[in-house]
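# Secondary and tertiary structure notes
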Amino acid sequence: MPVPGSGTISINQFHVEAGGTSGTQCSLNDSDIRGLIGKGSGVQMSFNEWYGASASIPDWSQTMTFGQIVTVTGTQYAQIQYLNRGYRNAQGITYDGQGNGTNGETTYGSITTQNSNFFSNAVINRVRSNAQASGVGAAGFLLVGTSSQIANNDTAFTQMVVNGSTYNRSAATYSSNVNQASWSWSVSAPPSTIGNAWSPWPSTSSNAGTNVGTCNLTFKR
Amino acid sequence: MSEIKLKKEELGSLATGINPDLDELKKPFNRLTFSVKSPVTNENIYWELNKQDSESLLTEKEDGIYIEEDKVNYLKESWQSQEYEDRLSLAWVAGERGVDIPEHWYDTQVQIIPRYTAMWDDVYVNKEKVKIDYSVGCTGDSLDKLNNLISLISDKFPNEYNIKSHENNIVGMYLPDHKIRPPYKSQNTITVYHLYYPESWMTKLLKDYQCPDFDYKYCFWFGLKYDLDSGKRYFKLVIRDDDKTSNYQEHPESFIPRPQLPVCNEPYFAKIYSQDGTEADEYDVFFSTTPELMKRYCEENELDFPIPEDKENGYIWTYGIVYDKNTLDIKQIKGYIKVSEDPDTQLFIED
């Protein structure tokens with residue numbers, strides 16, 4: 001278990017996180033304990049630097065298939081078209097903003113959805129961008145979501161990298177209820193030509209479909 | 001402006017608070033946290049804002065961390081209003097270009113049509129139903145009432161625009177025991193809304209009613225009001241809110257003054273013209289928001305909330321405020337509940 005992110009912390013917690021036995025002798029300068037926060041031997045360290053420290057966990061990388069769909073929401077006096085690109089599994093999503101629109105989002109794209117080192121092994125059901133479609137110029141958001149409620153801390157992830165672009169968890173707005181959790185970041189407006197690259201996503205092979213391209217997806221802790 | 005002193009709250013807490021977190025450089029920061037109840041599902045959604053937004057909203061003082069209550073309330077209400085708006089989309093479906101929707105509208109403004117053609121609006125003022133607006137696609141008794149209204153118009157106003165030009169057009173009349181709203185004079189007035197109208201109609205009406213050219217963005221519907229007693233026809237021009245209507249400094253001529261509104265979606269406006277080119281003193285502003293937010297707005301401004309208590313879960317797709325354009329005094333608040341003729345296809349499933 002990582003060192004807590006706040007409150008009182010002890011060198012024994014550092015030792016345990018580094019793989020040592022609780023209550024046995026250790027020092028801050030031990031290489032495995034220093035390694036938790038990437039420090040060299042004999043250098044100055046502050047206890048503040050240990051908040052949230054955790055043993056190195058390998059990155060979770062995969063090649064994801066992304067899809068694209070245009071959804072429309074509207075009422076009597078306003079219609080909004082949304083462009084959605086990435087991965088979304090509609091099954092089990094009870095709460096997702098655009099899901100109930102005039103023609104709401106369905107399932108598109110595919111990824112490996114679980115890893116015991118990330119998101120408390122919860123199922124990822126969304127990694128997708130959503131924004132008002134071309135011509136409006138309004139920014140959208142990139143969202144990663146899970147199908148169960150998990151806490152917002154470094155045990156979920158610290159960074160998500162989509163097609164080479166890094167998104168820090170600290171820059172994400174988090175929301176959750178008993179059925180889901182999600183992190184979202186602001187992203188640029190979609191391209192005026194619907195199939196062009198839309199950061200972080202590459203260009204698409206067609207305007208709409210469940211599989212319009214592939215890119216790398218990595219989570220880090 | 002009141003401030004709330006914040007303390008650390010646990011995941012899912014209903015109280016507004018903070019959650020200490022670490023950024024990617026292991027630098028500590030506090031997230032602003034709060035919960036807000038969905039007006040759609042009644043579930044509480046728990047939020048933790050990102051580092052940048054939290055830092056801009058939170059104020060650190062010697063004795064703790066604070067936030068202005070108004071700011072966190074605005075965040076909650078904006079989200080609730082948007083959620084409610086999203087739910088209203090259930091009444092609409094994608095239309096087909098050139099079939100359901102004329103090409104020029106489809107290409108420029110709207111690609112959706114009402115989900116059902118057999119619907120009507122029950123219009124409420126001060127918790128009483130005052131008017132029914134029938135869609136042209138209604139059947140049975142509703143169609144009979146609709147056709148009767150059309151006959152009344154045709155008798156008095158021959159050679160009019162085809163009222164059944166689109167099956168989503170709307171025809172309505174105030175109920176007999178309810179006073180008509182200003183500026184209309186006669187109880188004997190029938191409303192017709194033409195949806196997805198031909199461009200040439202608008203061009204002619206703007207000219208006929210001598211409407212000034214402010215380069216407004218007009219909505220895909222307009223209203224004609226037929227006063228059967230005087231034989232006068234009024235033109236109700238429906239205008240989207242944009243920079244020309246909302247930015248007085250840049251566009252003083254076209255600016256549309258408006259009273260303070262509750263947190264809501266983008267409003268739109270209506271101006272009413274007489275055949276001599278006179279613009280009525282009353283403007284309409286229409287918007288949607290949650291019943292709770294609208295009720296509070298009415299309470300705070302000593303106004304009558306329009307919807308009866310037993311209808312608050314209905315499909316309240318818009319509120320309309322009639323106000324004086326010079327004084328901004330509010331003269332009437334209307335609430336519109338859309339009802340499907342087929343009870344098996346009601347727009348909201350009651351929770």
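Residues numbered from 1 in each chain as written. Chains lettered and ligands numbered in written order. Predicted model: local features only at pLDDT ≥ 70, side-chain atom pairs only at ≥ 80, totals over all residues.

### Quick look at the overall build of chain A
What counts here: Strands are runs of DSSP state E lasting at least 2 residues, helices are runs of H or I lasting at least 4, and numbering of each runs from the N terminus. The burial criterion counts other C-beta atoms lying within 10 Å of a residue's C-beta, which is placed from the backbone; the residue is buried at 20 or more, exposed at 12 or fewer, and partly exposed between these limits.
Each helix and strand in chain A was counted, giving two helices and nine strands. Counting across all 221 residues of chain A, residues that qualify as buried make up 39%.

### So, the overall build of chain B
For the record, the criterion: It is the C-beta atoms, placed from the backbone, that decide contacts: two residues are in contact if theirs lie within 7 Å.
Assigned secondary structure in chain B consists of seven helices and 18 strands. A principal-axis box enclosing the C-alpha atoms of chain B has dimensions of 75 × 50 × 40 Å. Split into buried and exposed, the 351 residues of chain B put 38% on the buried side. Once local pairs closer than 6 in sequence are excluded, the contacts in chain B between residues at least 24 apart make up 60%.

### Re the pairing of strand 16 (residues 279-287) of chain B
Residues and elements named next belong to chain B. How we decide: Following DSSP output, two strands are said to pair if at least two bridges run between them.
As judged from the five bridges shared by strand 15 (residues 268-273) and strand 16, these two strands associate in the antiparallel manner. Residue pairing in the sheet places Phe269 in a bridge with Val285 of strand 16. The antiparallel hairpin formed by strand 15 and strand 16 contains five residues in its connecting segment, where Gly277 sits at a positive phi of about 90°. Both strand 16 and strand 17 (residues 316-324) contribute to a ladder of six bridges, which runs antiparallel. Note on strand 17: the bridge partner recorded for Val285 is Ile321.

### Observations regarding the sheet that holds strand 16 of chain B
All names here are of chain B. To keep things clear, this is the line we draw: Axes, fitted as lines to C-alpha atoms, cover a helix only where it is in contact. Angles between the N-to-C directions of the axes lie from 0 to 180 degrees.
Ordered in space as 9-10-11-12-13-14-15-16-17-18, the ten strands form a closed barrel in which the pairing is antiparallel. Averaged over all neighbouring strand pairs, the angle between strand axes comes to 25°, with direction disregarded. Sheet analysis places strand 11 (residues 170-174) next to strand 12 (residues 189-195), joined by four bridges and oriented antiparallel. Bridging across to strand 12, Met173 finds its partner in Ile190. Helix-sheet contacts for helix 4 (residues 140-156) involve strand 9 (119-125), strand 10 (128-135), strand 11, strand 12 and strand 13 (221-227), and the interaxial angle to strand 11 is about 85°.

### Let's talk about the interface of chain A and chain B
The condition that has to hold: Side-chain classes follow a simple rule in which Ala, Val, Leu, Ile, Met, Phe, Trp, Tyr, Cys and Pro form the nonpolar group, Asp, Glu, Lys and Arg form the charged group, and the remainder, Gly included, forms the polar group.
Listed as interface residues are 33 residues of chain A and, on the opposing side, 40 residues of chain B. The biggest single contributor to the side of chain A that touches chain B is strand 7 (residues 173-177) of chain A, with five residues. Classifying every residue of the side of chain A that touches chain B gives eight nonpolar, 23 polar and two charged. The pairing of strand 7 of chain A with strand 4 (residues 44-48) of chain B spans three bridges and is classified as antiparallel. If you follow Ser175(A) over to strand 4 of chain B, its bridge partner there is Trp47(B).

### As for the sheet that holds strand 1 (residues 3-6) of chain B
Residues and elements named next belong to chain B. Across the sheet, which stays open at both edges, the three strands sit in the order 1-6-5 with antiparallel pairing between neighbours. In this open sheet, the two edge strands, each paired with only one partner strand, are strand 1 and strand 5 (59-61). Strand-to-strand, the axes of this sheet are offset by a mean angle of 35°, without reference to chain direction. Here strand 1 pairs with strand 6 (residues 64-68) via four bridges, running antiparallel. Bridge pairing in strand 6 links Leu6 to Ile65.

### What to know about the pairing of strand 3 (residues 28-37) of chain B
All names here are of chain B. Taking burial as the measure, the ten residues of strand 3 include seven buried ones, the bulk of the element. For strand 2 (residues 17-22) and strand 3, the ladder comprises six bridges, and the chain directions are antiparallel. Across the sheet, Gly17 pairs through a bridge with Thr33, a residue of strand 3. Relative to strand 4, strand 3 is paired through five bridges, and the arrangement is antiparallel. Bridging across to strand 4, Val36 finds its partner in Ile45. Hairpin geometry of strand 3 and strand 4 is characterised by an intervening segment of six residues between the two adjacent antiparallel strands and by a positive phi of about 65° at Asn42.

### Description of the nonpolar core
The test is simple: A set of buried residues qualifies as a nonpolar core if it consists of Ala, Val, Leu, Ile, Met, Phe, Trp, Tyr and Cys joined through C-beta atoms within 7 Å.
Within the largest apolar cluster, 68 residues are counted, with the highest numbers of intra-cluster contacts made by Val171(B), Phe269(B) and Val285(B). By residue number, the principal contributor to this core is strand 17 of chain B, which donates six residues. Of all hydrophobic cores here, the second largest spans 40 residues; its members include Tyr87(A), Phe157(A), Met160(A) and Tyr174(A).

### Here's the deal with the confidence of the model for chain B
Where we set the bar: For every residue, the predictor states its confidence as a pLDDT score lying anywhere from 0 to 100.
Averaged over chain B, the pLDDT score is 92; the fraction of residues at 70 or greater is 99%. Predicted as a complex, the structure gets a pTM of 0.84 and an ipTM equal to 0.81.

### Re the environment of Met1(B)
Position of Met1(B) among the secondary structure elements: in the segment before strand 1. Each residue touching Met1(B), except ones within four places of it in the same chain, is listed here: Glu68(B) and Asp70(B).

### Structural notes on the confidence of the model for chain A
Across chain A, pLDDT averages 86, with 89% of residues at or above 70. Confidence drops under pLDDT 50 across residues 94-101 of chain A; counting only partners more than four residues distant or on other chains, this segment forms 23 contacts.

### Re the domain arrangement of chain B
All names here are of chain B. Let me state the cut-off plainly: As annotated, the domain borders come from an automatic or database domain assignment.
Considered domain by domain, chain B is made up of domain 1 (3-89) and domain 2 (95-345). Summarising the inter-unit geometry, the C-alpha centres of domain 1 and domain 2 are found 37 Å apart. Domain 1 puts nine residues into the contact, and the matching count from domain 2 is nine residues. The class makeup of the residues in the side of domain 1 that touches domain 2 is four nonpolar, three polar and two charged.

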